[in-house]
Amino acid sequence: MGSSRILNTYIQQLIETSTPQAPAWNIEKIRAGKPNTWNYIDGCMIKALIELHEITDRGVYLDFADRFIDYFVQDDGTIKYYDPKEYNLDNVNAGKTLYQLHEITGKTKYRKAMDTIYGQLEHQPRTKEGSFWHKLIYPNQIWLDGLYMAQPFYMQYELSYRDGRACSDSFHQFQVVHELMRNERNGLYYHAYDSSRREFWCDPVTGLSANFWLRAEGWFAMALIDTWELMPANMSAEKDALRRMFADLIDAMLPYQDPATGMWHQVINMGRIAPNYLETSGSAIFANAIMKGARLGVLDERYFDYGYKAFKGICDTCLNEEDGRLTLDNICLVAGLGNKNHREGTFDYYMREPKVRNDAKGVAPLVLAYIEVLRHEKAAAERDTAERDAA
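Just so we're clear, the structure is a prediction, and the values are computed from it rather than from any experiment. Within any chain, residue numbers begin from 1 and follow the written order of that chain's sequence. Note on the predicted model: pLDDT of at least 70 is required for a residue's local features to be given, and 80 or more for side-chain atom pairs to be given and counted; whole-chain, interface and lining totals, by contrast, use all residues. Side-chain metrics in this entry use all non-hydrogen atoms of the structure; hydrogen atoms and water are not considered.

On to the packing of helix H8 (residues 167-181) against helix H10 (residues 236-253), then. Axis definition: a line fitted to C-alpha atoms, over the contacting stretch in the case of helices. Angles run 0 to 180 degrees between N-to-C directions. The way it works is that DSSP assigns letters per residue, a run of H or I at least four long becomes a helix, a run of E at least two long becomes a strand, and they are numbered from the N terminus. Here H8 crosses H10 at 35 degrees, and the two axes come no closer than 11 Å. Remark: the crossing between H8 and H10 carries left-handed chirality. Two secondary-structure elements touch here, H8 through Phe171, Phe174, Gln175 and His178 and H10 through Glu238, Ala241, Leu242 and Met245. Tallied by class, the residues present in the contact of H8 with H10 amount to 5 nonpolar, 2 polar and 1 charged. Helix crossings are classified by the rotation of the near helix relative to the far one: an anticlockwise turn of less than a right angle makes the crossing left-handed, while a clockwise turn makes it right-handed. Contacts are residue-level and defined by heavy atoms, with any inter-residue pair within 4.5 Å sufficient. Residues are grouped as follows: nonpolar covers Ala, Val, Leu, Ile, Met, Phe, Trp, Tyr, Cys and Pro; charged covers Asp, Glu, Lys and Arg; every other residue, Gly included, is treated as polar.

Rendered as structure tokens:
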């Protein structure tokens with residue numbers, strides 16, 4: 001069967017075997033044997049399902065997404081298992097679903113929950129450069145991941161409910177990353193930065209971690225394009241700056257794209273060093289970001305083919321059938337810096353982290369990439385119709 005039918009079947013299998021208490025795609029929780037909580041992994045998946053509903057008009061996706069988020073959000077806007085005082089940017093990500101669900105369902109509690117999450121950002125500790133700490137347990141640190149987790153929510157809240165008063169602050173945090181975390185020689189961004197220069201994993205002069213981790217790079221690319229899409233016309237200079245950052249990052253990634261599959265390696269610039277491998281989640285993220293960038297005109301339309309090649313490569317090589325069920329393979333479970341596991345950010349470290357299947361950090365970006373393919377096909381069909389009508 002073609003990619004569309006395979007993915008539709010795969011998505012249906014996942015939601016049929018998932019509940020808010022035990023989503024089949026949250027492999028971290030399953031492995032740890034812990035009950036499910038409000039988390040960014042589920043946020044990625046639910047956001048993808050809402051967008052899939054928007055393009056397909058299939059109510060099953062919206063109904064599932066609404067039931068899932070409704071389970072966590074209480075009538076007063078508090079959220080089960082979410083403590084804003086952890087100051088964890090990852091926990092902001094699922095808040096993106098609230099905008100769409102509130103607009104569609106009109107549930108007042110979703111609007112109140114946005115305020116709950118925004119309250120975290122109001123008090124989020126910051127580095128000396130003015131950027132949000134990634135988490136309270138990671139003081140003085142910026143991780144690329146955090147830009148995706150927090151900035152689109154932050155920008156949308158400011159525009160929706162605060163007349164855009166802090167939009168410039170959101171933009172500033174992208175500027176900080178561009179100025180401090182980008183390698184000028186290859187155009188890639190390091191995974192993390194410690195403004196105190198005290199962490200064992202950072203360079204004592206630059207504060208930077210040692211390597212270019214694919215999924216973090218991808219989160220940053222998605223943060224750029226998603227935030228750019230939200231920014232209003234009166235921020236034209238800022239939008240142009242984000243456009244350049246995004247386009248330059250994509251151009252920096254293309255030389256490392258695997259010519260056979262269109263995918264990228266776990267440590268981006270070390271593809272020839274064993275045991276580096278073509279990693280699914282980061283490749284899916286870039287497939288989505290590139291195709292979305294082409295659709296929005298941030299990239300030339302020819303870039304769509306680069307994103308589509310990655311999407312097709314993942315479907316052809318990593319989406320497999322086993323015992324009558326579909327599985328998505330070669331997903332890095334997690335990677336970070338520091339903590340009690342002494343994650344040092346070396347090449348060997350990124351190779352040590354386990355590879356899993358069916359985790360939403362890979363599934364959700366692949367669904368988002370699939371949505372971009374559907375949008376592209378729909379636009380092409382509409383053009384063909386218009387041309388026939390005009391003939």
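With that settled, consider empty space enclosed by the protein. Residues are called lining when one of their atoms sits within 4 Å of a cavity or pocket point, these points coming from a 1 Å grid over the protein atoms alone, where a cavity is a set in which a 1.4 Å probe fits but cannot get out and a pocket is an open set with protein on both sides within 12 Å along at least five of seven lines. Grid points are joined across faces, edges and corners, and a volume is the space filled by probe spheres set on the points. Under the defined criterion, the tally for this structure stands at 1 cavity of 30 Å³ or more. Estimated volume of the largest cavity: approximately 80 Å³. Lining the largest cavity we find Leu89, Ser131, Phe132, His134, Ile142, Trp143, Gly146, Leu147, Gln151, Gln173 and Val177. Put simply, the parts of the chain that give the lining of the largest cavity at least two residues each are strand S1 (141-143), helix H7 (144-161) and H8. In terms of residue count, the dominant contributor to the lining of the largest cavity is H7 (3 residues). In the lining of the largest cavity, the residues fall into 6 nonpolar, 5 polar and no charged.

Checked against the element boundaries, Ala166 lands in the loop between H7 and H8. Throughout, exposure labels follow a simple rule: accessible area from a 1.4 Å probe, protein chains only, divided by the maximum for the residue type, with under 20% read as buried, over 50% as exposed, and the rest as partly exposed. Assessed through its relative accessible area of 12%, Ala166 is described here as buried. The sequence separation of Ala166 and Asp384 amounts to 218 residues, and the corresponding C-alpha distance is 43 Å. If sequence neighbours within four positions are ignored, Ala166 has contacts with Tyr154 and Glu158.

Only rings of Phe, Tyr and Trp enter the pairing, Trp through its six-membered ring, and a pair is recorded when the two centres are within 6.5 Å. The plane angle decides the type: under 30 degrees is stacked, over 60 is edge-to-face, the rest tilted. Across all of its chains, the model carries 24 aromatic pairs by this definition. Judged by centre distance (5.9 Å) and plane angle (40 degrees), the ring pair of Phe64 and Phe68 falls under tilted. One end of the pair, Phe64, and the other, Phe68, are both in helix H4 (residues 59-72), 4 residues apart, so they sit about a helical turn from each other. Judged by its relative accessible area of 6%, Phe64 is buried. Both rings, one in Tyr71 and one in Phe72, keep their centres 5.0 Å apart while their planes meet at 85 degrees; by these two values the pair is edge-to-face. Take Phe72: its relative accessible area is 1%, and that puts it in the buried class.

This part covers the pairing of strand S4 (residues 325-328). As paired elements, strand S3 (residues 319-322) and S4 share 4 bridges and run antiparallel to each other. Across the sheet, the residue bridging to Asn320 is Thr327, located in S4. Remark: 2 residues form the turn of the hairpin made by S3 and S4, two consecutive strands paired antiparallel; Asp323 in that turn has positive phi of roughly 55 degrees. Between any two strands, at least two bridges found by DSSP are needed for them to pair.

The next subject is the environment of Tyr256. With respect to the helices and strands, the residue Tyr256 is situated in the loop between H10 and helix H11 (280-296). In the structure, Tyr256 is positioned 12 residues away from Ile268 in sequence and 6.7 Å away in space, judged by C-alpha atoms. Leave out the neighbours within four places in its chain, and Tyr256 touches Asn186, Leu188, Met263, Trp264, Ile268 and Asn269.

The next point concerns the pattern of salt bridges. By salt bridge we mean one thing: a side-chain nitrogen of Lys or Arg within 4 Å of a carboxyl oxygen of Asp or Glu. Applying the stated criterion across every chain, the model contains 22 salt bridges. Among the ionic pairs, Asp66 bridges to Lys107, the shortest N-O distance being 3.1 Å. A residue pair is termed long-range when its members are at least 10 positions apart, and Asp66 in helix H4 and Lys107 in the loop between helix H5 (96-105) and helix H6 (108-123) qualify at 41 residues. Residue Lys107 is classed as partly exposed on the basis of its relative accessible area of 25%. With its nearest N and O atoms 2.7 Å apart, the salt bridge here joins Glu372 to Arg295. Placement of the pair is Glu372 in helix H14 (residues 360-390) and Arg295 in helix H11, with a sequence separation of 77 residues. Taken together, the shared-partner salt bridges in this structure form one network comprising Asp66, Asp70, Lys107 and Lys109.

By themselves, these figures tell us nothing about what the structure is for.
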